[in-house]
Amino acid sequence: MSFNYNAALSPCDDKGEVGLPEHVDEKKVLHEKCVQLAAIIKSSSIITLHTGAGISTSSGIPDFRGPNGVWTLEAKGETPKNAINFDRARPTFTHRFFVELEKRGIVDFIVSQNVDGLHMRSGFPRTKLAELHGNMFVQKCSKCKKETVFSEVSTTLGLKASGKICQRKSRGSVCGGAMHDSVLDWDDALPYYKLQLSRKMCENSDLSLAVGTSLQIKPAGSLPNLTKKNGGKVVIINLQKTGCDKIADIKIHGYCDEVFKIVANELDIEVPGDDGVGEWVRLIERSKHSLPVSLTKANSAPKPKRGKGTKRKANNKKVETNDD
């Protein structure tokens, strides 16, 4: 990758279980489970998706814990071969399918642990997307607090100054504030509003659908529990075991694109192809479908005091840190 995301992260002794065996359901079993999933989607009023690195592997971006994952190979003193640059990766069938589901008002929200920007670049509305660990293409101004989407990846992570200057205009003058990357390091606090909104969405969802994630990194990995606790269903699509297998109504062992091609057919949804050429970044800020009204007040709870915020961990231990 043009920017080695993993190498830039601070050292961390606990990255969860890596290199676990993968399992693929037999073709008939896989198809039956996909039909069941399609039926659940049809019967659900509010759907939240939970996505991880597994949805981007078909674009050429390696995952972290698979047999050839970044952290699996790291433990062996190796690095992934032929990994594509973030800025050259294109949205997969799964990314494009999610866009079609949102356009039809079927999917309401995505909680993503990915920093590759492919949800955003596929045209999924940013107001319905919580990228809890950041986005390599998004930077925030320290002065006006506004975000800017760039066409190239940041050369920093950890919410550091990137060297870029905010070009937003206000009252005829350029802001000029220092831009900072939006990608979290291990000790950085998750974005408070996005995390609270994600929790509210999960609490009120009929279905939490986890795709391409082992759900090991907390707190993102524990969010499907909120849906189950409140009477909703949990469906997991992943090749390895996950942290929420015990609460899953269906566990599908299959490749994301293959699964959703079957589901798309069952839902009679045509997904536009990717010809691999031309303009493909379809940045959409807002959706024509509103979030459920009762969920838009997720930021009404008091914000934690300085020095009190939740950071990501590969276990259930809560750690508080600065969220300002």
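Predicted model only: the values in this text are computed from it and were never measured.

J.: What exactly am I supposed to notice about the pattern of salt bridges here?
T.: Where side chains of opposite charge bring their charged atoms close, a pairing between them can arise. Following the criterion strictly, the structure yields ten salt bridges and no others. Between Lys33 and Asp25 there is a salt bridge, with the nearest N and O atoms lying 3.0 Å from each other. Judged by relative accessible area, which is 9%, Asp25 ranks as buried. Of the charged contacts, one joins Asp245 and Lys251 as a salt bridge, the two residues approaching to 3.3 Å between their closest N and O atoms. Overall, Asp245 belongs to the partly exposed group, its relative accessible area being 26%. A relative accessible area of 14% means that Lys251 is categorised as buried.

J.: Can you help me understand the layout of surface pockets in this one?
T.: Using a probe with the size of a water molecule, rolled over the atoms, empty space left in the structure can be pinpointed. Looking at the second largest pocket, its volume works out to about 780 Å³. Around the second largest pocket, the lining is made up of 42 residues, and of these Ala53, Gly54, Asp63, Phe64 and Gly212 lie nearest the centre. Residue assignment for the lining of the second largest pocket shows that the elements contributing at least two residues are helix H1 (5–8), helix H3 (70–74) and helix H8 (256–266).

J.: Looking at this structure, I do not really get the packing of aromatic side chains. What am I missing?
T.: Any pair of aromatic rings gets described here by the distance separating the centres and the angle formed by the planes. For the structure shown, the criterion picks out seven aromatic pairs. Relative to Trp186, the ring of Trp71 has its centre 5.8 Å away and its plane inclined at 35 degrees; by these criteria the two rings are tilted. Residue Trp71 is found in helix H3, and its partner Trp186 is found in the loop between strand E9 (178–181) and helix H6 (192–204); the two are separated by 115 residues along the sequence. With relative accessibility at 7%, the residue Trp71 sits in the buried group. Taking the centre distance of 5.2 Å and the plane angle of 80 degrees together, the rings of Phe98 and Phe260 count as edge-to-face. Of this pair, Phe98 sits in helix H4 (residues 93–103) while Phe260 is found in helix H8, placing the two residues 162 residues apart along the sequence.

J.: Would you explain the sheet that holds strand E2 (residues 109–112) in this entry?
T.: Strand-to-strand pairing in sheets goes through backbone hydrogen bonds, with the strands running parallel or antiparallel. Reading across the sheet, the six strands line up as E3-E2-E1-E10-E11-E12 and stay open at both edges, with parallel pairing between neighbours. Each edge of the sheet is formed by a strand with only one pairing partner; in this case those strands are strand E3 (129–131) and strand E12 (250–252). Neighbour-to-neighbour, the strand axes of this sheet turn through a mean angle of 15 degrees, independent of strand direction. When E2 meets E3, the two strands line up parallel, connected through three bridges. Bridging across to E3, Ile110 finds its partner in Leu129. Against the sheet, helix H2 (residues 27–43) engages strand E1 (47–51), strand E10 (207–211), strand E11 (233–237) and E12, with an angle of about 130 degrees to E12.

J.: Honestly, the sheet that holds strand E6 (residues 161–165) in this entry has me stumped. Any pointers?
T.: Pairing is antiparallel in the open sheet, where four strands are placed in the order E5-E4-E9-E6. Strands at the two margins of the open sheet, each flanked by one partner only, are strand E5 (147–149) and E6. Strand-to-strand twist of the sheet, defined as the mean angle between neighbouring strand axes without regard to direction, takes the value 40 degrees. Where strand E4 (residues 138–141) lies against E5, three bridges are found, and the strand directions are antiparallel. By the bridge assignment, Lys140 is partnered in E5 with Glu147.

Thresholds applied
- Residues numbered from 1 in each chain as written.
- Predicted model: local features only at pLDDT ≥ 70, side-chain atom pairs only at ≥ 80, totals over all residues.
- Heavy atoms only, no water.
- Salt bridge = Lys/Arg side-chain N within 4 Å of Asp/Glu carboxyl O.
- Buried < 20%, exposed > 50% of the residue type's maximum accessible area, 1.4 Å probe, protein only.
- 1 Å grid on protein atoms, 1.4 Å probe; cavity = no way out; pocket = protein on both sides within 12 Å on 5 of 7 lines; lining within 4 Å.
- Points joined across faces, edges and corners; volume = space filled by probe spheres on them.
- Helix = DSSP H or I, 4+ residues; strand = E, 2+ residues; numbered from the N terminus.
- Phe/Tyr/Trp six-rings, centres within 6.5 Å; stacked < 30°, edge-to-face > 60°.
- Pairing = 2+ DSSP bridges.
- Axes fitted to C-alpha atoms, helices over the stretch in contact; angles between N-to-C directions.
- Contact = heavy atoms within 4.5 Å.

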